[in-house]
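Report on the structure
So the chains spell out like this:
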Amino acid sequence: MHAWEWARKKYGEQGVVLKAEVRLSDCLDLLDLNGTRELKRVFAAFSERLKGLGVPLPANKGKNHGLDRAVINFFAEESQPAVRVIRAAFIEGERLWEGSDLWEEAHVQLAVRDIALLRNLARVEDPENELS
Amino acid sequence: MSSLKPREFADQAIRRLNEMSDEEVRRKLGERCPELLEAEPTAMPADAMVPERQREKVPAKKAEVAKATLIGLKAALPVPAAAAKAKGKGGAGSSPQSPLAGIKMKCKGKKPAGFKRKAVGRPRRRRLR
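Every value quoted in this text rests on a predicted model; they were computed, and no experiment measured them. Think of each chain on its own: its residues are numbered from 1, step by step along the sequence as written. Lettering for chains starts from A, numbering for ligands starts from 1, and both go in the order in which the items are written. Side-chain atom pairs in this predicted model are given and counted only at pLDDT of 80 or more, local residue features only at pLDDT of at least 70, and totals for whole chains, interfaces and linings cover all residues.

With that settled, consider the overall build of chain A. Counting from the N terminus, the helices are the DSSP runs of H or I reaching at least four residues and the strands are the DSSP runs of E reaching at least two. Assigned secondary structure in chain A consists of 4 helices and 7 strands. Here the C-beta atoms are placed from the backbone, and a residue counts as buried if at least 20 other C-beta atoms lie within 10 Å of its own, exposed if 12 or fewer do, and partly exposed otherwise. In chain A, buried positions account for 17% of the 132 residues. When contacts within chain A are restricted to residue pairs at least 6 apart in sequence, long-range pairs at least 24 apart make up 58% of them. In this description, a residue-residue contact is defined by the distance between C-beta atoms placed from the backbone, which must lie within 7 Å.

Encoded structure:
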């Protein structure tokens, strides 16, 4: 449902949604403490280096996660063999109700950097067409 | 499932970062986020802390004091006691002991610890009767 909403918003009538099995091989898993702690360490080194060069850090603005993306890209590209997939959770949207810690658009996102990790790719039918 | 060992990979990324020359870091940043290299550098020269208008009008000696004050170098300030006494007319920095004596504090920026700014330029609210 969330994927369809996003696809329609971004590509209008031309949007489609695909499903696939993703092999989590060489995965930087940010749902795991080992992953988050190491990424934090990489961020410290990354920001220090940029500071030394007098280059400002990028910033996260709304749904544009520029800072996080820059650090993760650096981590993923500079490690050997390179990270092939990244998994993280995002909190977006409104609280489900006042005082709740549940969020309407919370989701887990996988960024697949190597398409060889995808299997059984298939198209997902539009839920609006199924209903009618 | 995942075969990645985060610690080893992070070590490797950090080592790689340390090995990279400044030029290489800049080039990679330029490829990934070119907008960063176009932005103003974060470290500002001390001169930039003093507004341009003030830089031109304030005599050299005062400008120096103002600059030093703004960047928080209170200890390094000369205290022009006699001059301050003559010129101090109340308000912020009027005390002859104050390192801000005789200087109009109009510029925004970090003030030395203990500095109290007096509200100026706005009349007191009249009490309704």
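From this point, the narrative continues.
On to the overall build of chain B. In terms of helices and strands, chain B carries 6 helices and 0 strands. Along its sequence from the N terminus, chain B presents helices and strands in the succession α-α-α-α-α-α. Here chain B holds 129 residues, and the buried ones make up 14% of them. Across chain B, every contact between residues at least 6 apart in sequence was considered, and the portion connecting residues at least 24 apart equals 32%.

Once that is clear, we can look at the pairing of strand 7 (residues 118-124) of chain A. Residue and element names in this part refer to chain A. In terms of burial, strand 7 is a largely surface element, 0 of the 7 residues being buried. Bridging between strand 1 (residues 17-22) and strand 7 involves 5 bridges; their strand directions are antiparallel. Note that in strand 7 the partner of V22 across the bridge is L118. A pair of strands counts as paired when DSSP detects no fewer than two bridges linking them.

By definition, a nonpolar core groups buried Ala, Val, Leu, Ile, Met, Phe, Trp, Tyr and Cys residues that are joined through C-beta atoms within 7 Å. Counting 18 residues, the largest nonpolar core has V42(A), V71(A), F74(A), F75(A) and A13(B) as the members making the most contacts within it. At the level of elements, strand 2 (27-29), helix 2 (33-53), helix 3 (66-78) and strand 5 (85-90) of chain A together with helix 1 (6-19) of chain B are the ones that each hand at least two residues to this core. Excluding its chain neighbours within four sequence positions, the residues that come into contact with V42(A) are V71(A), F74(A), F75(A), A10(B), A13(B) and I14(B).

Another point: the interface of chain B and chain A. In this complex, chain B contributes 25 residues to the contact, which on the side of chain A involves 28 residues. Of all the secondary structure elements, the ones that give two or more residues to the side of chain B that touches chain A are helix 1, helix 2 (22-32) and helix 3 (34-38) of chain B. Among the elements that take part in the side of chain B that touches chain A, helix 1 of chain B stands out by supplying 9 residues, more than any other. Residues belonging to the side of chain B that touches chain A are distributed by class as follows: 16 nonpolar, 4 polar and 5 charged. Here the nonpolar group is Ala, Val, Leu, Ile, Met, Phe, Trp, Tyr, Cys and Pro; Asp, Glu, Lys and Arg are the charged ones; every other residue, Gly included, is treated as polar.

Okay, the sheet that holds strand 6 (residues 107-112) of chain A next. All names here are of chain A. The strand order across the open sheet formed by 3 strands is 2-5-6, and the pairing between neighbours is mixed. Of all the strands in the sheet, the pair left with one neighbour each is strand 2 and strand 6. Within the sheet, the average angular offset between the axes of one strand and its neighbour, ignoring direction, is 20°. Here strand 2 runs beside strand 5; their pairing, made up of 3 bridges, is parallel. The residue bridging L28 from the neighbouring strand is I86, located in strand 5. Lines fitted to C-alpha atoms define the axes here, with helix axes fitted over just the stretch in contact, and angles between the N-to-C directions of these axes take values from 0 to 180 degrees.

Residues and elements named next belong to chain A. Mapped onto the fold, E125 is located in the loop between strand 7 and helix 4 (127-131). Residue classification places E125 among the exposed residues on the basis of 11 C-beta atoms within 10 Å. Along the backbone, E125 and L18 are 107 residues apart, and their C-alpha atoms lie at a distance of 8.9 Å.

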